[in-house]
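# Close look at the chain arrangement
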Amino acid sequence: MTKPEILSPAGDMECLSSALSFGADAVYVAGKSFGMRTASKNFSIEELKVVCDMAHVKDKKLYLTCNTLPRNEDVLSMPDFLVQAAECGVDAFIIADLGVFEMAKKYAPSIERHVSTQGGIINYESANAWYNLGASRVVLAREMTLPEIADMRAKIPKELEIECFVHGAMCVSFSGRCLISSFMTGRDANRGDCAQPCRWKYHLFEENRDGQFFPVIEENGGTYLYNSRDLCMIEYIDELVKAGISSFKIEGRAKSAYYTAVTTNAYRHALDDYLKNPDEFELKPWIKEELEKISHREYSTGFFFGTEPGQTTENGGYIRNYNVVAMGEGYKDGIATITQRNKFYVSDTLDVLPPSGVPFTVVCKSLTTEFGETVDSAPHPMQKLFMEVDQEIPQGSVIRKKNVDIK
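Residues numbered from 1 in each chain as written. Predicted model: local features only at pLDDT ≥ 70, side-chain atom pairs only at ≥ 80, totals over all residues. Heavy atoms only, no water.

### Examining the pattern of salt bridges
A side chain with one charge may pair with a side chain of the opposite charge, provided their charged atoms come close. As a reminder, the rule being used: For salt bridges, the criterion is a side-chain nitrogen of Lys or Arg within 4 Å of an Asp or Glu carboxyl oxygen. Secondary structure elements follow DSSP: runs of H or I of four or more residues count as helices, runs of E of two or more count as strands, with numbering from the N terminus. Think of it in three bands: residues with accessible area under 20% of the maximum for their type are buried, residues over 50% are exposed, and the middle band is partly exposed, with areas taken using a 1.4 Å probe on protein chains only.
Throughout the structure, instances matching the rule amount to 19 salt bridges. Taking the shortest distance from any N to any O, the salt bridge between Arg-268 and Asp-272 comes out at 3.1 Å. Here Asp-272 and Arg-268 lie together in helix α10 (residues 257-276), a separation of four residues that amounts to about one turn. Judged by its relative accessible area of 10%, Arg-268 is buried. With relative accessibility at 24%, the residue Asp-272 sits in the partly exposed group. Close ionic contact of Lys-293 with Glu-290 constitutes a salt bridge, the shortest N to O distance being 3.1 Å. You'll find Lys-293 and Glu-290 in the same group, each marked buried. One connected set of salt bridges, linked through shared partners, spans Glu-5, Arg-137, Glu-161, Glu-163 and Lys-249.

### Comments concerning the packing of helix α2 (residues 45-57) against helix α4 (residues 78-88)
Two numbers describe a pair of packed helices, the interaxial angle and the distance between the axes. Where we set the bar: The convention used is that axes are lines fitted to C-alpha atoms, helices contributing only their stretch in contact, and that angles between N-to-C directions extend from 0 to 180 degrees. Angles below 35 degrees are treated as roughly parallel, those above 145 as roughly antiparallel, those between 65 and 115 as roughly perpendicular, and all remaining angles as oblique. Whether a crossing is left-handed or right-handed is set by the direction in which the near helix is turned from the far one by less than a right angle, anticlockwise for left-handed and clockwise for right-handed. In what follows, residue pairs with any heavy atoms lying within 4.5 Å of each other are defined as contacts.
Running from amino to carboxyl end, α2 crosses α4 at an angle of 30 degrees, the nearest separation of the two axes being 8 Å. Classified by the angle their axes make, α2 and α4 are roughly parallel. As for the relative orientation of α2 and α4, their crossing is right-handed in sense. Across from Ile-45, Leu-48, Lys-49 and Cys-52 in α2, the residues of α4 making contact are Gln-84, Ala-85, Glu-87 and Cys-88.

### Some points on the packing of aromatic side chains
Short version of the rule: Any Phe, Tyr or Trp ring, taking Trp's six-membered ring, that has another such ring centre within 6.5 Å forms a pair; planes under 30 degrees apart are called stacked, those over 60 apart edge-to-face, and the others tilted. A positively charged side chain is recorded as over a ring if its NZ (Lys) or CZ (Arg) lies within 6 Å of the ring centre. The angle to the ring normal must also be within 35 degrees.
By the definition in use, this model includes three aromatic pairs. Here the aromatic rings of Phe-101 and Trp-130 are separated by 5.0 Å at their centres, their planes lie at 70 degrees, and the arrangement is edge-to-face. On the criterion of sequence distance, the pair formed by Phe-101 in helix α5 (residues 98-107) and Trp-130 in helix α6 (residues 124-133) is long-range, its members being 29 residues apart. In this structure, Lys-249 packs its charged tip against the face of Tyr-28, placed 4.4 Å from the ring centre. Seen from the ring of Tyr-318, Arg-297 lies directly overhead, with NZ or CZ sitting 4.2 Å from the centre.

### Describing the pairing of strand β3 (residues 61-66)
The cut-off we apply is this: Should DSSP find at least two bridges between two strands, the strands are taken to pair.
Here β3 lies mainly inside the structure; five of its six residues are buried. When strand β2 (residues 26-30) meets β3, the two strands line up parallel, connected through five bridges. Bridge pairing in β3 links Val-27 to Leu-62. Taken together, the four bridges between β3 and strand β4 (residues 92-95) define a ladder with parallel strand orientation. Among the inter-strand pairings, Tyr-63 is bridged to a residue of β4, identified as Ala-92.

### A look at the side chain of Asp-348
To keep it simple, the criterion reads: As used in this structure description, the phrase polar contact means that two N or O atoms lie within 3.5 Å; if the pair is within protein, one of them must be able to donate a hydrogen and the other to accept it, and residues adjacent in sequence are counted only when both atoms belong to side chains.
By secondary structure assignment, the location of Asp-348 is in the loop between β15 (344-345) and β16 (349-353). In this structure the side chain of Asp-348 is engaged in a polar contact, spanning 2.9 Å, whose partner is the side chain of Lys-401. Once residues within four sequence positions are removed from consideration, Asp-348 is found in contact with Val-362, Val-363, Cys-364 and Lys-401.

### A short note on the pairing of strand β22 (residues 398-402)
Most of β22 sits out of view: four of its five residues are buried. Across three bridges, β16 lies against β22 in antiparallel orientation. Bridged to Leu-353 within β22 is Val-398.

### Some points on the packing of helix α1 (residues 13-21) against α10
Viewed as axis vectors pointing N to C, α1 and α10 meet at an angle of 15 degrees, and their least axial separation amounts to 8 Å. The angle between the axes of α1 and α10 places the two elements in the roughly parallel class. By crossing handedness, the relation of α1 to α10 is classed as right-handed. Residue-level contacts link Glu-14, Cys-15, Ser-18 and Ala-19 of α1 to Ala-257, Thr-260, Ala-261 and Thr-264 of α10.

### As for the nonpolar core
We apply this condition: We define a nonpolar core as any set of buried Ala, Val, Leu, Ile, Met, Phe, Trp, Tyr and Cys residues linked to one another through side-chain atoms lying within 4.5 Å.
Leu-48, Phe-93 and Ile-237 are the most contacted members of the largest nonpolar core, which totals 91 residues. A total of ten residues in this core trace back to one element, the largest contributor, which is α10. Residue contacts for Leu-48: discarding those within four places in its chain leaves Val-29, Phe-43, Leu-62, Leu-64, Ala-85, Cys-88 and Val-90.

### With respect to α1
Within the span of α1, buried status applies to Cys-15, Leu-16, Ser-18, Ala-19 and Leu-20. At its buried positions, α1 is contacted by β1 (5-9), β2, α2, β3 and α10. Two or three places before Glu-14, at the opening of α1, Asp-12 has a side-chain oxygen 3.2 Å from that residue's backbone nitrogen. Phi turns positive, to about 110 degrees, at Gly-23, one or two residues after α1.

### Examining the environment of Cys-66
Here Cys-66 shows up in strand β3. Judged by relative accessible area, which is 1%, Cys-66 ranks as buried. Along the backbone, Cys-66 and Ala-30 are 36 residues apart, and their C-alpha atoms lie at a distance of 7.3 Å. Setting aside residues up to four positions removed in sequence, Cys-66 forms contacts with Phe-34, Phe-81, Leu-82, Phe-93, Ile-94, Ile-95, Ala-96 and Val-100.

Limitation: the analysis is restricted to geometry and does not speak to function.
If you want it as structure tokens, here you go:
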């Protein structure tokens, strides 16, 4: 059995550090150009060299997304970008466009080439064609089922790796290729500028009654016709492995370091537990619970088991059961040094996710500022505080609090 890779997203330095600290085998990032998430901070060439070194010191890999569909004017700057990225030490380019794929071969021949999910690969002939052109990995279209993936695995070279999204946001399009944003806002989703109009609330107009709209209502919440559920395959790690998937990809380069930490940690533990004892694998309850502690839409299994109702129609927002309230900076003699992120109070029960990855709870017994003042709450973002607790909170821990309205 080949051990699959846990591949995590990073839109900035904090996210990358979280991915590496919480168990990613590889991280995918974007430069300042040619990546599909322009809303993220992303990385300059100088920063790209730094993050490559950070990954390689930990024996991890770093992949660079070059997965936009470039226009003629974009192509002019591609050669320099590819050369500079190769010099930084990236392990692979993730590419959607055939022209870019060939340019990467010409200008950065030592770097592996992965075909993006936007390549729309859904059959073994397509995968074999890309392999013959020099691809070392194909990122499959999200519309494939597990039996189709297993069938593909049996009909492609064993050297060709298969990568699949296993967690994160989905969109109403084929393999991420969508025109709604371009039509409605002029922002090209295929060049990284999606405005996410699929998440908006819509009303109906009757053509002869100009200016009069009729809300399409479902349970008083409005109707969100294109609002996809989030993908979550944490309960099916065994089936993902058996299908022959080489890399488990987590979506989310525009999301927070907290999201990256929790999702990476959950899939890391689930996969490791399965590999230790495949015949008697059973997902530990706390792992599934972790994914309820991040901001998310209703979960689904996407297309892995065939067509499943993919839209959440009640609202366009996220489920937020927990808030991050602090980060652990150190611990000594019953006192944790923390940096505050959101307000909490003395006597609150706090949920801690340490770098080891197994969560636990503590009670905040007291709070003291760095000036020695005793306080009843932590109301100031980024304030340094000393918190009395009855259990060690390791450096790098994420400290959370359950929302009061969640039962």
